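Below, each chain spelled out in residue letters.
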Amino acid sequence: MLDVLDTGRVAHVGVVDGDQPFVVPLAYARLDDSVVVHGSTGSRAFRLLAQGVPACLTVTLLDGYVLARAAFETSMRYRAAMVLGSFTVVGDRAEKTAALAAISEAAVPGRWADMRPPSAKELAATSVLAIGLAEWSVKANDGWPTDEEEDLDLPVWAGVVPLAAVARAPLPAPDLDPTLPVPDYLSDVPLPGLHA
């Protein structure tokens with residue numbers, strides 16, 4: 001499970017507010033035995049999660065399409081982790097800043113040291129939550145098509161189409177000083193979880 005959490009880049013957090021379920025995509029990072037996420041203190045979902053209600057966090061890595069001769073047998077190659085529990089508020093300023101740094105570094109290693117740190121006002125507007133890894137499960141499929149014997153002679157291609165997320169060339173902001181070079185951490189180091 002840790003491999004899935006450490007490789008993924010987007011978590012989906014699910015929570016129910018009355019009769020209305022919410023699923024929110026979030027940047028995240030694993031810190032030891034918990035996963036941290038951040039969002040606006042004004043977010044309905046984050047205000048609810050901060051109350052410690054039951055929640056679910058999932059991360060899915062899509063590795064390929066499994067194309068069978070029969071529609072019923074067509075599927076995907078994937079790795080998925082699911083964490084169940086309740087979120088707690090990361091309120092200590094130093095711990096909150098460390099969690100935000102971890103989320104930034106999980107996305108783009110080296111970036112945190114390059115950026116202006118959050119101001120007191122920005123920290124106050126940001127909710128950082130953590131969920132422990134006490135209850136979790138992992139599901140994965142790395143298989144091939146499993147067509148029925150009678151379908152094997154059908155004139156239909158079968159196999160796997162591997163998929164990979166890759167980082168493309170960075171695009172400078174329109175208002176960026178054109179003399180600033182692309183940082184080494186973007187040009188020389190492959191981003192985690194992204195491979196050709």
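What this report covers is the structure whose coordinates are included nearby. Every chain is numbered independently, its residues counted from 1 as its sequence is written. This being a predicted model, a pLDDT of at least 70 is required before a residue's local features are given, and a value of 80 or more before pairs of side-chain atoms are given or counted; all residues contribute to the totals for chains, interfaces and linings. Values reported for side chains reflect all heavy atoms of the structure, with hydrogen atoms and water molecules removed beforehand.

## Focus: the nonpolar core
Within soluble globular proteins, side chains that are nonpolar generally end up buried alongside one another. Here, nonpolar core refers to any group of buried Ala, Val, Leu, Ile, Met, Phe, Trp, Tyr and Cys residues whose side-chain atoms link them within 4.5 Å. Only protein chains enter the area calculation, which uses a 1.4 Å probe; residues under 20% of their type maximum are buried, those over 50% are exposed, and those in between are partly exposed. Residues Leu 5, Val 35, Val 37, Leu 49, Leu 57, Val 59 and Phe 87 are the most contacted members of the largest nonpolar core, which totals 24 residues. Listed by contribution, the elements that provide at least two residues to this core are α1 (2–7), β1 (11–17), β4 (34–40), α2 (44–49), β5 (54–67), β6 (75–89) and β7 (126–132). Once you skip the residues sitting within four places of it in the chain, Val 37 turns out to touch Leu 26, Ala 27, Tyr 28, Phe 46, Leu 57, Phe 87, Ile 103, Ser 127, Val 128 and Leu 129. With eleven residues, the next largest nonpolar core counts Val 90, Ala 102, Ala 106 and Leu 123 among its residues. Working definition: helices are DSSP H or I runs of at least four residues, strands are E runs of at least two. Numbering for both runs from the N terminus. Contacts are assigned to residue pairs that have any heavy atoms within 4.5 Å of one another.

## Examining the layout of surface pockets
The definitions used throughout rest on a 1 Å grid laid over the protein atoms alone, on which a cavity is an enclosed set of points accommodating a 1.4 Å probe that cannot get out and a pocket is an open set flanked by protein within 12 Å on both sides along at least five of seven lines; lining residues are those having an atom within 4 Å of a point. Grid points are joined across faces, edges and corners, and a volume is the space filled by probe spheres set on the points. Estimated volume of the second largest pocket: approximately 240 Å³. Grouping the constituent residues of the lining of the second largest pocket by class yields ten nonpolar, no polar and one charged. Three classes are used, and their members are as follows: Ala, Val, Leu, Ile, Met, Phe, Trp, Tyr, Cys and Pro are nonpolar, Asp, Glu, Lys and Arg are charged, and the others, Gly among them, are polar.

## Quick notes on the packing of aromatic side chains
Pairing of aromatic side chains requires ring centres within 6.5 Å, counting the rings of Phe and Tyr and the six-membered ring of Trp. Pairs whose planes differ by under 30 degrees are stacked, by over 60 edge-to-face, and all others tilted. Taken as a whole, this structure holds zero aromatic pairs when the rule is applied. Note on geometry: a ring has a charge over it if NZ (lysine) or CZ (arginine) is within 6 Å of the ring centre and within 35 degrees of the ring normal. Looking at Arg 77, its charged tip hangs above the ring of Trp 144, at a distance of 4.6 Å from the centre.

## Overview of the pattern of salt bridges
In a structure, side chains of opposite charge can pair up when their charged atoms sit close to one another. Should a side-chain nitrogen of Lys or Arg be within 4 Å of a carboxyl oxygen of Asp or Glu, the pair is scored as a salt bridge. All told, the structure shown has seven salt bridges when counted by the stated rule. Asp 6 serves as the salt-bridge partner of Arg 30, at 2.7 Å between the closest nitrogen and oxygen. Within this pair, whereas Arg 30 is found in strand β3 (residues 28–31), its partner Asp 6 is found in helix α1, the two being separated by 24 residues in sequence. A salt bridge links Asp 17 to Arg 44, with the nearest nitrogen and oxygen atoms 3.0 Å apart. Residue Asp 17 is found in strand β1, and its partner Arg 44 is found in helix α2; the two are separated by 27 residues along the sequence. The exposure class of Asp 17 is partly exposed, given its relative accessible area of 26%. The partly exposed category is assigned to Arg 44, whose relative accessible area is 43%. By sharing partners, the salt bridges in this structure join Asp 3, Asp 63 and Arg 79 into a single network.

What is shown is where atoms sit, not what they do.
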